[in-house]
Amino acid sequence: MSVNQQAHTGPPYGQPQPGYQGYQQPAYGGQSLPGVPQSQYGAYNGPMPGYQQPVPPQGYFPSLGFPSKGSPVSLNSDTSLAPNFIGSLRAPPTSGAPPPASGASHPSGHLAYSPFEHGDVQNGIPASAAPMQRPPASQPFLPGSAPTPVSQISTFQQYGPPPASVQQLRNHMAGMTIGSTAASAPPPAGLGYGVGPSSYPPTTGAPRPPAMPGPPLTGQTVAGPPSSQPNHVSSPPPPSSMAGLHPGTPMSGLHGPPPPTHPPQPGYQMQQNGSFGQMRGPQPNYGGAYPGAPNYGSPPGPPPPPKRLDPDSIPSPIQVIEDDRNNRGSEPFVTGVRGQVPPLVTTNFLVKDQGNASPRYIRCTSYNIPCTSDMAKQSQVPLAAVIKPLATLPPEETLPYLVDHGESGPVRCNRCKAYMCPFMQFIEGGRRFQCCFCSCVTEVPPHYFQHLDHTGKRVDFYDRPELSLGSYEFLATVDYCKNNKFPSPPAFIFMIDVSYNAVKSGLVRLICEELKSLLDYLPREGNMEESAIRVGFVTYNKVLHFYNVKSSLAQPQMMVVSDVADMFVPLLDGFLVNVNESRTVIASLLDQIPEMFADTRETETVFAPVIQAGLEALKAAECAGKLFIFHTSLPIAEAPGKLKNRDDRKLINTDKEKTLFQPQTSFYNNLAKDCVAQGCCVDLFLFPNQYLDVATLGVVPYQTGGSIYKYAYFQLETDQYRFLNDLRRDVQKEVGFDAVMRVRTSTGIRATDFFGAFYMSNTTDVEMAGLDCDKTITVEFKHDDKLSEDSGALLQCALLYTSCAGQRRLRIHNLSLNCCTQLADLYRNCETDTLINYLAKYAYRGVLNSPVKTVRDALINQCAQILACYRKNCASPSSAGQLILPECMKLLPVYLNCVLKSDVLQPGPEVTTDDRAYIRQLVTSMDVAETNVFFYPRLLPLTKADVDSDSLPAAIRNSEERLSKGDIYLLENGLNVFVWVGVSVQQGLIQNLFGVSSFSQISNALSTLPVLENPFSKKVRSIVDMIQGQRSRYMKLIIVKQEDKLEMLFKHFLVEDKSLSGGASYVDFLCHMHKEIRQLLS
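All values reported here derive from a predicted model rather than from experimental measurement.

K.L.:
Run through the overall build of the protein, naming residues and quoting values.
P.N.:
Looking only at helices and strands, one finds 23 helices and 30 strands in the protein. Counting over 1082 residues, the protein shows a buried share of 63%. Put simply, 79% of the contacts in the protein that link residues at least 6 apart link residues at least 24 apart. A total of about 37900 Å² of accessible surface is found on the protein, and carbon and sulfur atoms cover 52% of it.

Written as C-alpha cells, this is what we have:
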C-alpha cells in the first residue's frame, strides 16, 4: 500500500448516513406532535433548514441511566457535570421551574429557584440572546429549542425506572426530540440519535462540533455515526419530549458562571462530547461553587443541599470495555489501512497483518498526529508509542517470517539506513526505490531487482514479507555482529544465596529441586531437538562458590573465591555446560547444595560481586546470557557495592522523598553499563524479610533489560507455588540477547524520549543485554518539521538481537499514522489506555528528580490542558457548568485518578519504601494491557458466573457500593488476586468453594482454592486459571472475608472510592478536574 494514498477509514467518519442529507427530516417517525406549532428547528436529528454544521466529536454516552424524577441530582455548577455531559442531567424545564408535573409554568423571564435546579436545568445560553447550537451526538438530552412559547409535557420525563444499560440509555436518548416534534418510532438502524458519537466533518469541517440547535454555521457538513459504535435504538424509545423555551428565557439556575448573554466568543466554544450532568456540590478537599457568580435571573435564596453526583451518570470503564468488545471483538483487525485505531486491549480480537505492525507490537497514544508542533503543544496530547518488539502472539496468528537475503544482508536506504518495508516507493521500472522516511533514492541491488506491475507495485509484492507485511525478521549478516564474528549461543547462570535466611526458610532446597526438572525446558529455536543454551551454577553468602559440572566428572567440584574485592572466575572449562551432557553431575550438585549449607550460621551477604562473577564468566566464554540471582537480604558484608539501611519513612512528602527512589551509590550504574556491553542480563528474585533497598539492587536488572520478582516474608507453604510458576515462566520465555533497538521516523517527527528497562549510551540506540517477550519500550516523538496530511507519518522500529540459538537477527515493525490539521481529528483518534501507560511512566520517572507533589500536580495540569483544549477548540459553545470530554478520552479522569492514587505517587501507611521502588520499576516496562488492569483492577462477581459456560461473569465497577454482602467477588490487578466473601453468602456456596461449613471457618491462609468436585468450585478455579494465564506474573491469591482486617488491603484496590491515603474518589476527582479545566478556560 502506498503511504501516500489516503487511508480508507471504513464506514466511520465522513460519509453521511442514509437519510442524513442536510439533516432535514422530521422526527423519527415523521409525525409532529398534534396541537403543537411546528418548530423552525428540525427534529432531534436535524438542524433547522439551511443549518449546515460541524459534526460533534466522539461524544460519550453515560454508562448508565439518568436520574429518575424522584431523585433529582443537584450539582453546583462549580463542579457541575452531566451523564455524558456532565451538564444538566435532563432537559430544561419550560421555564426553569422544577419539572412541572402538572404543566404549570412560571411567567417568562422569571427563574424559579428549586432544589431540582441543577439536575433539571440546561446550563446553556439564553435562547434569545445567544445563538444556540445543535446538540452533539453524544448529548444525553437536549435543551428545548422551540421559538414559540409552547407549554408542553414536562421535561424529559422518564417512565419506568432509569435505564440500566447503555442500550436502554441510548434508547432513552434516541427517543428525545427537540421543539415540537414527537418521537414515535425508532430511527432506522444505523442512524444514531443526533450524530454518531464519533463522527466529524470529513475534510472541510471546523474543529468544533455543534452543541445546541441554532443559527447556521457555514461550511460544515455532517457525517453519520461510525459503524463500529452503533448509537442507534433497537427498541422504541420511551415516550418523552422536550419542553420548548420562551424566547428570552435564560435557562435556569446555574450557580456557577452563568450562561453568557452575548454570543459565545470563538475559542470559548465548548460542549459536550461527553458532557456530564451537573456535578455535585462542593466536595471535601475542593473549593465550593464558583466564587462571586451572580445568580442570573433567580432570586437569591438558600442554596439547595448538595446532592451527590450519581456515579451511574459518569463515564464507566466497564461500559466502555463492554461496548468495545461487542462492537469490535467479532471482526479481525486488518492492518492494511493507515492510522486505524485498534480495538481496546481488553477486547479479544484477531489481527491480520496487511502492512502495518499488529497492535500487539505497537500501540500509540494517537493514530492521527497534528501536522505542526504548535498544534501538538496546544493540545498537550503526548505523541508516544508503546512498543513490545518480541510480544507473544496467540496461536491463531502467524509469527513474523524470517527473511534471508544471503551475504548481502537486508536492503536498506543509503542515507537514513531504514530497512526495506511496504511503504518504500519503487521507481524507474523497479531499478531504484525512494525512501519513505528520508526521500533519498537508492539503487536496487541486482539480486533484488523485480519488475513493477501496472500500479507501480513489484510483481513479487506478495511473496516478500518485507514488501507486504508490517512485521518480519531479517537474518543478520556478520556485519551486524560484535567484533565481526557470529555470536555463540547464550548461557544461563543460576546464582543462589545460601545465607542463613535462605536455607532456614526452605528456599535453597526448593530452588534446587525445581532446577532439576526445569533445566529440560530451556528456550530453544523452533524445531531444535534440545536447547543450545549452556548452564552454570554459583552459590554465595559472604564468599562465592563456583561449581565444576563437567560431564567427565563423577562428582561436581566446588571452588571458593573469598577475595570478593577483586572478582574472578576460578575455572573456565566445566563451568558452563550442556544440560544433557552433564545431566548426572548437575543432578548430584543440586542434591548436595541444600545439605552442604544446612547448618550454616552465615547471615551476611554480598551482591555486586555476584553480578561481577557472572559477567566475568560470560566474558570468558565469549557469549551473552542471563544471570538468575536468588537473593534474601541487604548486602551489608564488606565488599564492593556494600549498602547501608537508609529506609526513612519520615522523608515521605518532603523534598528529599526522591532520594528513596534513587540508588544509594553509583557503583551499580557502572556495573550495569559493563553488563550491557557484554550482553549480560540480570533477573533478580528477592525474598526479603525487611528492607533490602530495591531502588539500588534493582539498578542492574533494570538497565540490562531484566526483571525483578519480589516475595516479601516468603513462606514455603503459601508462596512456593507462585514463586515456582514465576521461575518456570521466566526461564522458558522467549528472550533476545545483546539487543539494540532504534526507532526511525519519517521527516517531520523524531523519537526524543524513551522509557523502559534498558541502557542508552547515545541519544538514538536503546541497548538491552536481554529483551524478553513481556518488556515494552515507550518512545515519545516530537515535531522537528511540518507533517503533511497526504503522506502521513511513519515509524519503523528495528531490533537487532541474538536468538536463544545464537542466531543474529533483525526484527522490524512498521506503522503508518495519519496527520491532521484539525484538533478534532487528533481527539477522535486517541487511545486512552496507551495515554495512561505513557503518563504513568512519565510520572514514575519524574519522582527520581522532583518532589512527588510536583509530579502529581504536573499530571493533573497536563490532563486538564488536554481536556480544556478539546473543549475550547472542538466542542460547540455551551455553558461553563458542563464538563465535556472527548469520546475517546472520557475515561481519562477516572484512569488518571488511579495513577495519582497509586502507591508510588500516594502511598498508604502500610506501603514500604521497597514496595514503591519495586512498583516503580515494574510499571516502567509494562505493556498497555498490564497498566490497564494494574491501575483499574478487574472486579468479577463470582456468584453470577454461569457454571455451564466458558465465559467470565460481567465485570463491575471498582467501588464498595457495588458489592453485595451476599456475594463472592474476584478482584485482580496483575500482581494479586483477591477473593472477597460477603458475610451473608449462602452456606452452600461457601461449602462448594472452600469445603468448610460456615463463613467463620474460611481460612485466610489459603494460597490456592481447594480442589472440590462440584460445578461452582470448578468454574471459579477455571476463572482463576484463565486470568492467571493472561498475566505475565503469577498472581498471589488472597482470601478476604468481609469485615476482616485484610479488607483494608482489598479496599485499597476499589479505585473509584476515596482511598485511606487521601486519594480522591472518582466523583470528587471529576469535579476537581472540571474546576481545573474551567480555570484554564477563564
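More follows now that the structure is in view.
K.L.:
Please give an account of the pattern of salt bridges that cites residues and values.
P.N.:
Side-chain pairs of opposite charge can arise where the charged atoms are in close proximity. Evaluation of the coordinates by the stated rule reveals 49 salt bridges. For the salt bridge of E397 with R360, the shortest nitrogen-to-oxygen distance reads 2.5 Å. Of this pair, E397 sits in the loop between β6 (384-387) and β7 (402-403) while R360 is found in the loop between β3 (351-352) and β4 (362-364), placing the two residues 37 residues apart along the sequence. Through salt bridges with shared partners, a single ionic network connects R729, D730, K733, D772, D774 and K775.

K.L.:
Break down the sheet that holds β6 for me, citing the residues and quoting the values.
P.N.:
As summarised here, the arrangement of the four strands in space is β4-β6-β23-β21, forming an open sheet in which the pairing is antiparallel. Each of the sheet's edge strands pairs with one partner strand only, and the pair in question is β4 and β21 (749-755). Averaged over neighbouring strand pairs, the angle between their axes works out to 25° when direction is ignored. Examined bridge by bridge, β6 and strand β23 (residues 777-783) share four bridges and lie antiparallel to one another. Considered in β23, the bridge of V386 is made with T778. Against the sheet, helix α15 (residues 832-846) contacts β4, β6, β21 and β23, and its axis sits at roughly 60° relative to β21.

K.L.:
Lay out the packing of α15 against helix α19 (residues 928-935) with the relevant residues and their values.
P.N.:
Packing of α15 against α19 leaves a shortest axis separation of 9 Å and a crossing angle of 80°. With respect to α19, the element α15 is oriented roughly perpendicular. Of the residues in α19, those in contact with D833, T834, I836, N837, A840 and Y844 of α15 are V928, T931, N932 and F935. Grouping the amino acids of the contact of α15 with α19 by side-chain chemistry returns five nonpolar, four polar and one charged.

K.L.:
Before we move on, can you summarise the packing of α15 against helix α17 (residues 892-900) with the specific residues and values?
P.N.:
α17 packs onto α15 with a crossing angle of 25° between their chain directions and a minimal axis gap of 10 Å. As judged from the angle between their axes, α15 and α17 are roughly parallel. Considering how the two elements wind past one another, α15 and α17 form a crossing that is right-handed. Note on element contacts: α17 touches α15 through L892, Y895, L896 and V899, opposite T832, D833, L835, I836 and A840. Considered class by class, the residues forming the contact of α15 with α17 number seven nonpolar, one polar and one charged.

K.L.:
Any chance you could break down helix α10 (residues 667-678) for me, citing the residues and the numbers?
P.N.:
Helix length check: α10, at 12 residues, gives a terminal C-alpha distance of 17 Å against a target of 16 Å (1.5 Å per residue), a fit within 8%. Buried residues along α10 sit against α9 (608-621), β18 (680-686), α11 (694-697), α12 (699-703), β20 (735-745) and β22 (766-772). Downstream of α10 by a residue or two, G679 has a phi angle that is positive, lying close to 80°.

K.L.:
Help me get a handle on empty space enclosed by the protein, residues and values and all.
P.N.:
This model, assessed by the stated rule, comprises five cavities of 30 Å³ or more. Looking at the largest cavity, its volume works out to about 310 Å³. If you trace the largest cavity, you find 22 residues lining it, with K775, L922, S925, S1032 and R1033 closest to the centre. Listed by contribution, the elements that provide at least two residues to the lining of the largest cavity are α12, β19 (708-710) and α18 (913-924). With three residues, the single largest contributor to the lining of the largest cavity is α18. For the lining of the largest cavity, the residue count by class is nine nonpolar, seven polar and six charged. In this model, the second largest cavity occupies a volume close to 90 Å³. For the second largest cavity, the lining is made up of 14 residues, of which F333, Q340, A357, Y367 and L815 are closest to its centre. In the lining of the second largest cavity, the residues fall into eight nonpolar, five polar and one charged.

K.L.:
Summarise the sheet that holds strand β9 (residues 432-434); cite the residues concerned and give the values.
P.N.:
As summarised here, the arrangement of the three strands in space is β8-β9-β10, forming an open sheet in which the pairing is antiparallel. Both edges of this open sheet fall to β8 (425-427) and β10 (441-443), since each of them pairs with a single strand only. Averaged over all neighbouring strand pairs, the angle between strand axes comes to 30°, with direction disregarded. Examined bridge by bridge, β9 and β10 share three bridges and lie antiparallel to one another. The residue bridging R432 from the neighbouring strand is E443, located in β10.

K.L.:
Can you explain the packing of aromatic side chains? Please cite residues and give values.
P.N.:
Under the criterion given, the structure shown has 33 aromatic pairs. Between F687 and Y711, the aromatic rings sit 5.3 Å apart at their centres with planes inclined by 15°, giving stacked as the arrangement. Of this pair, F687 sits in the loop between β18 and α11 while Y711 sits in the loop between β19 and α13 (716-732), placing them 24 residues apart in sequence. The residues F687 and Y711 share a single accessibility class, namely buried. Taking the centre distance of 5.1 Å and the plane angle of 80° together, the rings of F934 and F935 count as edge-to-face. F934 gets classed as buried once you look at its relative accessible area, which sits at 12%. A relative accessible area of 3% places F935 in the buried class. Chaining the aromatic ring pairs together yields one cluster made of F630, F685, F687, Y709, Y711, F714 and F723. It is R458 that lies over the ring of F426; its NZ or CZ is 4.9 Å from the centre.

K.L.:
A description of the nonpolar core should follow, citing residues and the corresponding values.
P.N.:
By size, the foremost hydrophobic cluster in this structure holds 118 residues, and its most contacted members are F546, I629 and L905. Counting 43 residues, the second largest nonpolar core, distinct from the first, contains I496, V503, L522 and Y547.

K.L.:
Can you explain the side chain of D774? Please cite residues and give values.
P.N.:
Within the element layout of this structure, D774 appears in the loop between β22 and β23. A relative accessible area of 11% means that D774 is categorised as buried. Within the structure, the side chain of D774 is placed 2.7 Å from the side chain of R729, a separation counted as a polar contact. Reaching out from D774, the side chain makes a polar contact with the side chain of K733 at a distance of 3.1 Å. Those residues in contact with D774, other than ones at most four positions away along the chain, are K388, R729, K733, S925, E930 and S1032.

K.L.:
So what's going on with the environment of Y870? Residues and values would help.
P.N.:
Take Y870: it is sitting in helix α16 (residues 852-873). On the basis of relative accessibility, which here comes to 0%, the residue Y870 falls in the buried class. Residues Y870 and A824, 46 residues apart in the sequence, show an inter-C-alpha distance of 7.5 Å.

What counts, and at which threshold
- Residues numbered from 1 in each chain as written.
- Predicted model: local features only at pLDDT ≥ 70, side-chain atom pairs only at ≥ 80, totals over all residues.
- Heavy atoms only, no water.
- Helix = DSSP H or I, 4+ residues; strand = E, 2+ residues; numbered from the N terminus.
- Buried < 20%, exposed > 50% of the residue type's maximum accessible area, 1.4 Å probe, protein only.
- Contact = heavy atoms within 4.5 Å.
- Areas by Shrake-Rupley, 256 points an atom, 1.4 Å probe, with all protein chains shown as cover.
- Salt bridge = Lys/Arg side-chain N within 4 Å of Asp/Glu carboxyl O.
- Pairing = 2+ DSSP bridges.
- Axes fitted to C-alpha atoms, helices over the stretch in contact; angles between N-to-C directions.
- Parallel < 35°, antiparallel > 145°, perpendicular 65-115°, else oblique.
- Nonpolar A, V, L, I, M, F, W, Y, C, P; charged D, E, K, R; others polar.
- Left-handed = near helix turned anticlockwise from the far one by under 90°.
- Expected span 1.5 Å × (residues − 1).
- 1 Å grid on protein atoms, 1.4 Å probe; cavity = no way out; pocket = protein on both sides within 12 Å on 5 of 7 lines; lining within 4 Å.
- Points joined across faces, edges and corners; volume = space filled by probe spheres on them.
- Phe/Tyr/Trp six-rings, centres within 6.5 Å; stacked < 30°, edge-to-face > 60°.
- Lys NZ or Arg CZ within 6 Å of the ring centre and 35° of its normal.
- Core = buried A, V, L, I, M, F, W, Y, C linked by side-chain atoms within 4.5 Å.
- Polar contact = N/O pair within 3.5 Å; in protein donor to acceptor, adjacent residues only side chain to side chain.

Spatial relationships are all this shows, so hold off on functional conclusions.
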